[in-house]
Amino acid sequence: MTGRHPDINRVLAGTRDPLHALIADDDSGILLTLTALLEQKGHAVSAVGDGAAAVAALSTTDFGLILLDICMPELDGFDTCSTIRQLENGKNVPILMLTGQDDTESVRKAFEAGATDFVAKPINYALMSYRIDYILRAAGVAEELRKSQQRSRHAQRIANLGHIEWDTSRDIKHCSRGILEILKLPEQPGLSGFDDFVAYVHPEDRSRVVAAVEQALFQGSALNLEHRIVRSDGEVRFVLQITEARPNPGVLERMVVTLQDITDRIDIENRMHALAYYDDLTGLPNRSLLIQQLDQLLRGAARYEHSTAVIVFGVDRFDKVVEGLDHQESENLIKLIAERIKNTCRECDLLSRQSTEGAVDAGTGASQLTAKLRNDEYVIVLSAINSLQAASVFLQRLVEQFRHAFTISDRRIYLATSAGISLAPIDGDSSNQLIKFAEIARGFASQEGGGSFRYFKQELNQRVMRKFSLADDLRKALREDRLEVHYQPRIRLADNHLVSVEALCRWKHPEMGSIPPTEFIEIAEEEGLIGELGARVFETACNQLLDWRREFDCDFGISVNLSPDQLLDEEAMRRIFEFVSSSPIDNHLVEFELTESTLLANFDTSLSILNRCVDIGCGLAIDDFGTGYSSLSYLGNLPAKTLKIDKSFIHLIESSMQYTAIVGGIIKLAHSLGLVVVAEGVETALQRTILQQEQCDEIQGGLVGWPMHAQAFASWLDDFQQERSRPEYADNEGGVVRQWHSNYSAR
Ligand code: C2E
Ligand code: MG
Ligand code: MG
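The rules we used
- Residues numbered from 1 in each chain as written.
- Chains lettered and ligands numbered in written order.
- Predicted model: local features only at pLDDT ≥ 70, side-chain atom pairs only at ≥ 80, totals over all residues.
- Heavy atoms only, no water.
- Buried < 20%, exposed > 50% of the residue type's maximum accessible area, 1.4 Å probe, protein only.
- Helix = DSSP H or I, 4+ residues; strand = E, 2+ residues; numbered from the N terminus.
- Pairing = 2+ DSSP bridges.
- Right-handed = clockwise from strand over helix to strand, strands pointing away.
- Donors = N, O, S within 2.8 Å, 3.2 Å for Na, K, Ca; no water.
- Phe/Tyr/Trp six-rings, centres within 6.5 Å; stacked < 30°, edge-to-face > 60°.
- Lys NZ or Arg CZ within 6 Å of the ring centre and 35° of its normal.
- Expected span 1.5 Å × (residues − 1).
- Arc of directions from axis to C-beta.
- Near = heavy atom within 4 Å.
- Polar contact = N/O pair within 3.5 Å; in protein donor to acceptor, adjacent residues only side chain to side chain.
- Areas by Shrake-Rupley, 256 points an atom, 1.4 Å probe, with all protein chains shown as cover.
- Axes fitted to C-alpha atoms, helices over the stretch in contact; angles between N-to-C directions.
- Parallel < 35°, antiparallel > 145°, perpendicular 65-115°, else oblique.
- Left-handed = near helix turned anticlockwise from the far one by under 90°.
- Contact = heavy atoms within 4.5 Å.
- Nonpolar A, V, L, I, M, F, W, Y, C, P; charged D, E, K, R; others polar.
- Disulfide = S-S within 2.5 Å.

## Points about the pairing of strand E16 (residues 417-424)
Move 1: A large share of E16 lies buried, amounting to eight of its eight residues.
Move 2: Of the two faces of E16, the one lined by Thr417, Ala419, Ile421 and Leu423 and the one lined by Ser418, Gly420, Ser422 and Ala424 are each fully buried.
Move 3: Inspection of the sheet shows strand E11 (residues 307-315) paired to E16 by eight bridges, in the antiparallel sense. Bridge pairing in E16 links Val312 to Gly420.
Move 4: Relative to strand E17 (residues 452-455), E16 runs parallel, the two sharing four bridges. Following the sheet pairing, Ile421 is matched in E17 by Tyr455.
Move 5: Read as a crossover between parallel neighbours, the route from E16 over helix H16 (residues 431-446) to E17 is left-handed.

What follows is the structure, encoded as C-alpha cells:
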C-alpha cells in the first residue's frame, strides 16, 4: 500500500473521521434507532421528520452522509434526493435510500434521483451497520478520486497539457479539456476523430506528424515530436506531442497522444537565440553567428577550391561622429549605415555587425589597440570569388555609396570609411584568423584617410605584433621610470639668442634599442598611457629648467609637446595645471606645442583648454605647420604666439625656389597675424641664410644642436655662452654661420 496516497490508504482501511449524518424519516422509531446506531459509530446526527426539513437542513450544515426514507409527507424521498443533488453541498454526499422490500421500481427511481445506495425495509440493523461502513468507504474513494482528478486537471492546465485517446479506428475515446484549450475549441462538438485533429496541425508539419504517428502505431513505440498547430482562431502555436501506442491484449488497441503547448518556451528560446546571435539594432548576424556561418562556408570552399574574401568595413572615428548626436539619432544612423551596406551586398554574401568592443584576443591587448575602430564595424564575406580583385570592385561600389551624406534630424552627415581585406585560403583558413587579419588591414587603411582599403599582408601582422609587444614594454618602462627627456635648443636668428629648448621624449628599449617617438607616442595614445607619459615629460622638463636657471645665468624657456589625446583628457590636463601652479617656475617660460591637425580636429574643446593655458601665462606654438591643412586663417583665431614650420619644407628650400617662395609666403602671412616664426629641422648653413633672408625669426635643428640629454645640454650651453661672449661674435652677429652642435649630438 506504500505507493498509494495516504488518504486512500486510510479510506480503504475503513477508518473515517467522525462525520455529521442527516436522517429523514417520518417514523420516529426508525429515526431513534438509526440515530443510536450512527452515534455509536462516533458520528453526529441530525434527525428530521420530512423531506422539506432535510433540504432546509443542508442550507446551514454540510453532511457527510444522508439517510432518506422514501415515503414522507410533503416531499417524498425521491424528490428530496434530487433536490439535494442540485445543491452545491449535496452533489457528492453519499445518500442511502430506505425502500420497501422487493420494491424494485423504488430502487430504480432511487438511483435515478441520484441515490448512492439503498437499504430495504424492514431494516436489518446488523447489516445496516456494515452497509453504512461500505457506503462511507466507497464515498471516500470517490472523493479522493475527484480530488486527484482535480489536481491533475489543474497541473495539466499549468503545464498547458492535454491528452487524447484513440482506438484503432482512430475514433476518439477520450479527449481532455486541456486539448480543447490548446486548440481553442468549444466543448461541443470538440474533436471528432484523428483526421479532425490532423486538420489543426500546421499544413507544413502535417505530413511529418501523420508519418510519425503511423510509425509509432506500427512499431508500438512512443514518439516525441515538436510541431506547430493552427488554432481555431488562426493563431499558430508550438506543441510537443508525445504519442504512445498501447497494445492491450484482449482490449482494443489504444493510442494515447499527449500535447503540450510550448509556444512560450519556443518564444523565449527564439528570443535568446536572437540575443545570442543577432545584433539587436540592425538585425544583422553578430560575430558569433558569423563565425559559425563562415566556418561552414570555408569548409565548403576548401572542398571546391573556391576563394573567399573577408572584409572588415567600418566608419572611421565613429565615436567622434556620434558625439554630436543623441542616443536615438546614433541608433538611427547605425541602422542607415547597415541598410546601405546591406543594399550593396548580394543575397549570398554574409554580412554581420561587430557591435561590441574588445571581442578579439582579450588579454593580448589587441582589443584595446583596435577598440577605437570597433564601435561600428561590419564583416562582409564574399564567397566563391572568381578573382582576387573582386573585393576591390565590391569595395569601390560600397565606398561610392558612402560618398552620399546621411540625413539625421535634418542634418547631413558625411562619413569616412575604411576597410581591410583578407583572403582564404591565401591568408589563412580559420574564421577568427581571417577576421583578425582583415581588422589589422583595416587599422592601416584607416590611417590613410577616407574611403581607403587595404589587403592584408604578413608584414602588417608583424607590425601589429611589434605594436603589441611594444605596448607592454612601454607600460613597463613607464612603471620603472626608464623614459628619458632630451632637449633641443631653439635660437633667435637676429641675435643668436637661446630662446627655448624643446623637451623630446626618448625611449631606449632594452632589446630593440632606440624606438622613434613617433612610434611610441602613437602606442601611448592608443593604450591610454599618453596622459602619464606627457605629464612625466612635462614635470621632468620644468624641474630641469629650474635646475639650469639656478646653475647658469640664462633666461630661456621650455617647450613641451602636447598630444591631442592628452589635451582632451581632463585628468591629464588637470595634473599639468596643478604642477604649473605648485611649481616655482615662471609660467611665461613654459610653451606648449600642438600640431595643427590636433587643433583643427577638436577646435572648440581645444580652444577652451588653450585659452586656459594662455590665461595662466603659458605660451602656445603651432607645431609641424605645413603637414596638415595649413589653414592659417583658421589657426590665426587661436591664442598661439608661435608658428613652427615643419622640417619637410625647410629641407626643400635649398633645392627649390618654389619652396623658398612658399616658406617666404608662410612667414609673411604668419607675421601679419602677429606670430613668431620658427623653422624646424635646420641642418645647413645655406638653409639658415635663406631663412634669414625670408625674415624667419627663429631656428631649431641639427645646425644649432641635435636633441641631447640634460648633461650634454649643460656642456652645450657652456660652450654656447662662451662663444657668444667672444669679441668677434659681436662683429659678426647675425651674419656668421655658427655650428655648435656636433660634439653634443645625441643622435
Ligand atoms: P616635433 O615636436 O616636431 O619635434 C621635432 C622633431 O624633429 C624631433 O623628432 C627632433 O629630433 C627632430 N629634429 C630636430 N632637429 C632636426 C634636424 O635638423 N633634422 C631632422 N631631420 N630632424 C630634426 P623626434 O624627437 O623624433 O620627435 C618626433 C615627434 O614626436 C615630435 O615632433 C613630437 O611631435 C613627438 N614627440 C616627441 N617627444 C614627445 C613628447 O614628450 N610628447 C609628445 N606628445 N610628443 C612628443
Ligand atoms: Mg614639437
Ligand atoms: Mg615639429
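## A look at unusual backbone geometry
Move 1: Across the junction of Lys121 and Pro122, the peptide omega takes the value -5°, indicating a cis bond.
Move 2: Summarising the element assignment, Pro122 is placed in the loop between strand E5 (117-120) and helix H6 (125-158).
Move 3: Of note, the bond from Ala424 into Pro425 is cis; its omega dihedral lies within 30 degrees of zero at 10°.
Move 4: Mapped onto the fold, Pro425 is located in the loop between E16 and H16.
Move 5: Within the chain, Glu74 stands out as a residue other than glycine whose phi angle is a positive 65°.
Move 6: Of the residues examined, Glu74 reaches a relative accessible area of 76% and is grouped as exposed.
Move 7: The phi dihedral of Gln695 falls on the positive side, at around 70°, and the residue is not glycine.

## Description of the coordination of the magnesium ion (ligand 2)
Move 1: Here the magnesium ion (ligand 2) is held by Glu502 (OE), Asn561 (OD1), Glu593 (OE) and Asp623 (OD), and the distances to it run 2.0 to 2.2 Å.
Move 2: Here the donor residues of the magnesium ion (ligand 2) share one chain and are spaced in sequence as E-x58-N-x31-E-x29-D.
Move 3: A separation of 3.9 Å is found between the magnesium ion (ligand 2) and the magnesium ion (ligand 3), which are bridged by Asp623. Here Glu502 is found in strand E19 (residues 497-509), whereas its partner Asp623 is found in strand E23 (residues 619-625), with 121 residues between them in sequence.
Move 4: What makes Asp623 buried here is its relative accessible area of 5%.

## Re the coordination of the magnesium ion (ligand 3)
Move 1: Within the protein, the atoms that donate to the magnesium ion (ligand 3) are Asp623 (OD), Asp624 (OD), Glu680 (OE) and Glu680 (OE), at distances of 2.0 to 2.5 Å.
Move 2: Within one chain, the residues donating to the magnesium ion (ligand 3) are spaced in sequence as D-D-x55-E.

## Overview of the packing of aromatic side chains
Centre-to-centre distance and the angle between the planes together describe a pair of aromatic rings.
Move 1: Under the criterion given, the structure shown has 14 aromatic pairs.
Move 2: Over the ring of Phe118 we find Arg131; its NZ or CZ atom is 5.9 Å from the centre of that ring.
Move 3: The ring centre of Phe577 lies 4.0 Å from the NZ or CZ of Arg612, which sits over that ring.

## Thoughts on helix H23 (residues 603-615)
Spacing of three or four residues puts side chains on the same side of an α-helix, whose turn is 3.6 residues.
Move 1: Taking 1.5 Å of rise per residue, 13 residues should cover 18 Å, and H23 covers 18 Å from first to last C-alpha, within 8% of that figure.
Move 2: Listing the buried residues of H23 in full gives Phe603, Ser606, Ile609, Leu610 and Cys613. End-on, the buried residues of H23 take up no more than an arc of 140°, which puts them together on one face. Facing away from the buried side of H23, by more than 90 degrees, are the exposed residues Asp604 and Asp615.
Move 3: A positive backbone phi angle near 105° is found at Gly617, which sits one or two residues after H23.

## Considering the site of ligand 1
Move 1: Inspection of the region around ligand 1 gives 24 residues, with Gln488, Glu502, Asn561, Glu683 and Gly702 positioned closest.
Move 2: Within the side chain of Glu502, one N or O atom sits 2.8 Å away from an oxygen atom of ligand 1.
Move 3: The separation between a nitrogen atom of ligand 1 and a polar side-chain atom of Glu683 is 2.6 Å.
Move 4: Relative to its unbound accessible area of 790 Å², ligand 1 is 86% covered by the protein chains.
Move 5: Put simply, the parts of the chain that give the shell around ligand 1 at least two residues each are E19, helix H18 (517-526) and E23.
Move 6: The element that contributes the greatest number of residues to the shell around ligand 1 is E19, accounting for four residues.

## Considerations on the packing of helix H3 (residues 51-58) against helix H4 (residues 77-86)
The relative placement of two packed helices comes down to the angle between their axes together with the axis-to-axis distance.
Move 1: The geometry of H3 relative to H4 is characterised by a closest axis approach of 9 Å and an angle of 15° between their N-to-C directions. Of the possible angle classes, the one that applies to H3 and H4 is roughly parallel. Two packed elements cross with a definite hand, and for H3 against H4 that hand is right-handed. Of the residues in H4, those in contact with Gly51, Ala54, Val55 and Leu58 of H3 are Thr80, Thr83 and Ile84.
Move 2: Looking at the contact of H3 with H4 residue by residue, the class counts come to four nonpolar, three polar and no charged.

## Quick word on the state of the cysteines
Move 1: According to the stated counting rule, one finds zero disulfides in the structure shown.
Move 2: No disulfide involves Cys505; its nearest neighbouring cysteine sulfur is the one of Cys542, lying 14 Å away.
Move 3: Its relative accessible area of 9% is what places Cys505 among the buried residues.
Move 4: There is no disulfide at Cys542, and the cysteine sulfur nearest it, in Cys618, is 8.3 Å away.

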